[in-house]
Amino acid sequence: MAVPHFEQCLSILKLLELHVYYPKKITREMALTVPGEVIARKDLNKTCNQPWFMLQNIIAGNYEGMSFAINTQTSVSESRGPETLLSNYLQGRKPTDSGCLVNPLDVLTSLFICCDDFLRQMLVEKLSNCQLGIPLLLPVIDATPQTSGVEMLSWATSTIRKQWKTASGQPVEQSMAVHPLPIVSALRIGRPRLSKSKILNETMNSKHDHFFHSKCTGGSVRKIVSNGIVELMWYLPVGSDRDSFPGAFGVMNLRGNAVNHSLQRTFLTKASSTAIIFCQRDMSNKEEIYSITSRNDQHSHLILVFDENPNEEWFKTLEHVLPAYKNEGKQVHVLTDNYTNNVADKVREAINMCMSNDFADQTTSKSLEDCEIIASHADIRIDEKDYGDNYECKLKAVDLLVCLQAEHDKDKHLPLQAISRKIALKTYEQIDMKFKDMSTESYIYKMDSEIMDLRKKQSDLWKDKSEMIMVKKFLESVAFTSLGRSYFYNWMGTMLDRHSIHNLQLIRENKPTSMNNSEIVEEFQRKLSNASLGLEHLNREIAQIYEMASELSRMESDIQTFPEIAAHMLIDGQPLEIMDGDATYVPTTWLKAVFNCLKARIGNKKLFVLSVVGVQGSGKSTMLNTMFGLKFAVGAGRCTRGAFAQLVPLDEDLKKKYKSDYIMVIDTEGLCAPEFAGIDDNNKRDNKLATFIIALADCTIINVMADNQAGIQDILQIAVYALMKMESTNIKPSCIFVHQCKGDLLTSEKNITSDFHLKKVLDKSTRIAADIQKTSFKSFEEVISFQPEKHVVYIPNLWQEHPPMATTNPEYIRNVLELRNLAFSVMGGHSNSIDEFSFKFTGVSKAVLYEEFAFSFIHAVEIHSYNGLENEYIDASRDFRRTCMSNQHAFVNACKNMSAAKIKEEGTQILEVYTRKLDKCSEILRNRMKEYICKNPKAAQWEARINSRLYELILEMRKTLRKEFEIVKQAVIWKTKIEKGYLQEIYQKSGELAKKLRADGTSESELETEFNRCWEEWINNTPKLTELIDIETTLEGILRKTGLDDKFLTQNILSMLTKKQNVDVSLDDVIENCSASKCDLRNIISNIQEMAIASIDDYRDKGSSCDESIIQDVVNVVYNVLQNP
């Protein structure tokens, strides 16, 4: 007696040991937990290993995991087929492992039945990326007929997007859930000799099996659970003559005999524009066949494919069918396998004829959302509507995006992060001390005030909320259940992706024909950036609200819950942004709060941090997605910007072995991005990002595309230099070099030579950086742990054939998984608790923030060249200033000895004489710098900058000379006026005061007090010769120009200039500015103070007031002692 379908399916689940997970009990977290033991093909004799083998391969993107066979002594043709095995199982007799034959398609279907919604969605994405058919309609297995039926995986397929090119070469990227395309359906009647799925694969003109078929490994085993599923895949053209079809379309493939699956058949007849029916020559059920092929059911072109010439009964049926098709303009093609021509070629030709108008006529096209409506009318259950939380969250996400459809200006909906970019610029400006024309304290206060003003603007926007409807609705998710939040965030990400894809496609279609003008390019890039909107932007906005509230001390109770949202999303598998890609800014306060919430949710677990850096387009995100089954953004328009983290759990064996609970995987935006080419701060952006990620991670994968190492080696040199300066963070990361290249390069000696050269360059740059930093490092691996013989990996290209129909290369998958094991090998002892990681994160962020200078350069050799040029400029400019000051003092003394009349007549002539002397000194200065640059050609790139500084310096000395002349001239004239006018007036006033006080009978003490008061008043009313200079600001400016911009020097020289006091200076303060040994430092400090104060006293003895020239001379004294202790 035949076993009922439910019992048969349940028996398959028991054979696979999946019954304990039925229904929907395999979660995404379970699937992504990194196992201690990977299941290999040799382990498949145990039937229970088969679903997990398939699952791990699908997650990794390896299509080979879809087909397997078991080493068995029992032939498929013998009596121990599936029916016997199932009967044995039902009767309580456990079959031997060697006899458990299950069709791989049944294994896949069983997996889907047992996976939860989130894992189903991930598996559908992975299968689609492998160009495999994805389950669209899935049988519902239930013992009760009333609750059994068919389910459409609408939620699971909602995130799929595809790229292709039209016949005109126009690139297209679309969400397949909403983009309508023609659909070709494929059914079979009876059991024809032809393999429907195999012919469909060949029709696509691909070497790849999109649909599993009987000729695949394991395909000859009878299908049980998978009968009735409808699989979906898409044909995607490349826009060239080699395309089999001129446009993109979907292909739906019904498994099993269509006669037995009426719901699926009804769905396909209404969804497809062309139906292909594979038929037996002999008819068995005339009524059913007529129902399938008649126009009462069909809304499409019809292609009948017979395994042999059809018999007479078929011709009678066709006589009834054909007129109805022709009357409505539909085509009918009858094809026969005559053993001479390839059936696939005939089917391909027939499809092209049927769909010649469908590619242009959108009325016959259907999106997945259109198919959902058809399924509902056909009494097919919809997965997203079957569970209340899911559908309600979809409606909320749709409601949230309504405002975007009316106005898709990202800055309008998310205004705080637009201001955050200005805050980031102000922060970097403050650290760089740019545009500083005041004292350090005043400058810092000014910049802090400007930043606080920007924060207040953010606060005002948040209070108003009229422009932040989108954020307000997003924050309502705090009140959702935990499962509701997960559905909502997933739907939000999906909807925002669809919105971005649609807008990006419109912008690309209207791309300017000429991109030669930089303004046009910038405007095009701005439109692309503004159109790209994802879940990370909403997270970024609430991060800015939190940071604003924290800095302004306006932390409200609802804002305190914001980090919980980000922590929930991180645990759910959503990426957490740890560096704002638009502002290159790290919101440290926000992220510390998120890490605290994460700790509250999962405990203070141990994290091993694995990151990746590499040039744009080198496949970093794809590699991490393959390695751990993650969902980092890939593809044009949604490429990674900034840095994002995801959590990957480890199984118990790995936890014990590596003393870690999770791997925190960090993905970064591509370096050397073409959209930033030509921008002044591009090097700084790349260097800062790479250093931040390398310093933050326990191990970093350096991803190199083919043998192109130039860009990455320059960035690594800067990273080494910066890490040396970031000694306070106490870190020594590890790195692995990965070369993604073509197969013929894997064993090439070129790569070995290239790696040797790379190590040589990095070692040299390390020594240069060590010399600059005065440290003892000699090799790259002393700064970043790296073993050349172990930590260099070669992996082949990702794709087989050419996208968009290309499949992932199984060899690439295997190599990436081996790379994962290599990363694990450096894991032991490197993990940190969440608290420790949060502390390290804060330290690294701060250290990177304050190393702005280093990040401006391309590599360490460039820093070395720049430092040499800078030192030469400082020495030359100091000598120039000293000579100018000497001439200036002689000029001033000559003017002081003149009378007022003479200085008016001859002063200008004397000024011209000394100006010519200054010009001669200027020429000597210019020639000196030219000679240095000629001898050091690597410094030539900064020649324009040096010439600009020389011009400013010479202009400054000219102004100073003229200013001194005007001051002396005024002093001589003022002195004459005082002697002739004001002095006589004061004598007169004092006499009058004395007479008045005597007449009043004032005592001596009162008389003295009153006289002193009046005297001070008279003197204050006397015209001043010059305005007092701001000594501190002038001093700081001179120290910066001299290369001694140091806080302790400013404080101590300022004290000597204003108070003439000795100040104790600690050894730690001065040691960085002096090359002498520690035992000599106190003598050096004492010597500095004595010489500087002697210089000041000398000016005081001459009656000079403090001016810039005097301050410069004091700084020169200090500089000379520090350079020659």
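Higher on the page you've got the structure.
What comes next is a walk through the structure. (Residues numbered from 1 in each chain as written. Predicted model: local features only at pLDDT ≥ 70, side-chain atom pairs only at ≥ 80, totals over all residues. Heavy atoms only, no water.)

Side note on unusual backbone geometry
Pro23 follows Tyr22 through a cis peptide bond whose omega is -10°. Counting through the fold element by element, Pro23 comes out in the loop between helix H1 (5-15) and helix H2 (28-32). Cis geometry is found at the peptide bond from Pro803 to Pro804, where omega equals 10°. Checked against the element boundaries, Pro804 lands in the loop between strand S19 (799-800) and strand S20 (807-808). Look at Glu17: it is not a glycine, yet its phi comes out positive at around 60°. Within the secondary structure layout, Glu17 lies in the loop between H1 and H2. For Gln131, which is not glycine, the phi dihedral falls at a positive 60°. (Helix = DSSP H or I, 4+ residues; strand = E, 2+ residues; numbered from the N terminus.)

Points about the packing of helix H23 (residues 588-602) against helix H31 (residues 834-849)
At a minimum axis separation of 10 Å, H23 and H31 run at an interaxial angle of 170°. By the angle class used here, H23 and H31 are roughly antiparallel. Of the residues in H31, those touching H23 at Thr588, Leu591, Lys592, Phe595, Asn596, Leu598, Lys599 and Ile602 are Ile834, Asp835, Phe837, Ser838, Phe841, Thr842 and Ser845. Across the contact of H23 with H31, the residue classes tally to seven nonpolar, five polar and three charged. (Axes fitted to C-alpha atoms, helices over the stretch in contact; angles between N-to-C directions. Parallel < 35°, antiparallel > 145°, perpendicular 65-115°, else oblique. Contact = heavy atoms within 4.5 Å. Nonpolar A, V, L, I, M, F, W, Y, C, P; charged D, E, K, R; others polar.)

Quick notes on the sheet that holds strand S11 (residues 381-382)
Spatially, the nine strands line up as an open sheet ordered S10-S9-S8-S5-S7-S6-S1-S2-S11, and their pairing is mixed. Two strands lie at the open edges of the sheet, namely strand S10 (332-336) and S11, each paired on one side alone. The sheet contact formed by strand S5 (residues 183-189) and strand S7 (residues 249-257) spans five bridges and is parallel. Opposite Val184, over in S7, you have Val251 as the bridge partner. Packed on one face of the sheet, helix H6 (residues 117-129) meets strand S1 (134-140), strand S2 (149-152) and strand S6 (230-235) and runs near 140° to S1. (Pairing = 2+ DSSP bridges.)

What about the pairing of strand S3 (residues 161-165)?
Burial of the side chains of S3 is restricted to one face: Lys162 and Trp164 are buried, whereas none of Arg161, Gln163 and Lys165 on the reverse face is. Where S3 and strand S4 (residues 171-175) come together, five bridges link them in antiparallel fashion. The residue bridging Lys162 from the neighbouring strand is Gln174, located in S4. Connecting S3 to the antiparallel partner S4 that follows it, the hairpin turn spans five residues, and Gly169 within it adopts a positive phi of roughly 90°. (Buried < 20%, exposed > 50% of the residue type's maximum accessible area, 1.4 Å probe, protein only.)

Regarding the side chain of Asp383
Within the secondary structure, Asp383 sits in helix H13 (residues 383-386). Look at Asp383: it is buried, it has no salt bridge, and the nearest opposite charge is Arg120 at 5.2 Å. Among the polar contacts listed, one links the side chain of Asp383 to the backbone nitrogen of Ser154, at a separation of 2.9 Å. Contacts of Asp383, omitting those with residues within four sequence positions, involve Glu151, Met152, Leu153, Ser154, Trp155 and Ala156. (Lys, Arg positive; Asp, Glu negative; His and termini not counted. Salt bridge = Lys/Arg side-chain N within 4 Å of Asp/Glu carboxyl O. Polar contact = N/O pair within 3.5 Å; in protein donor to acceptor, adjacent residues only side chain to side chain.)

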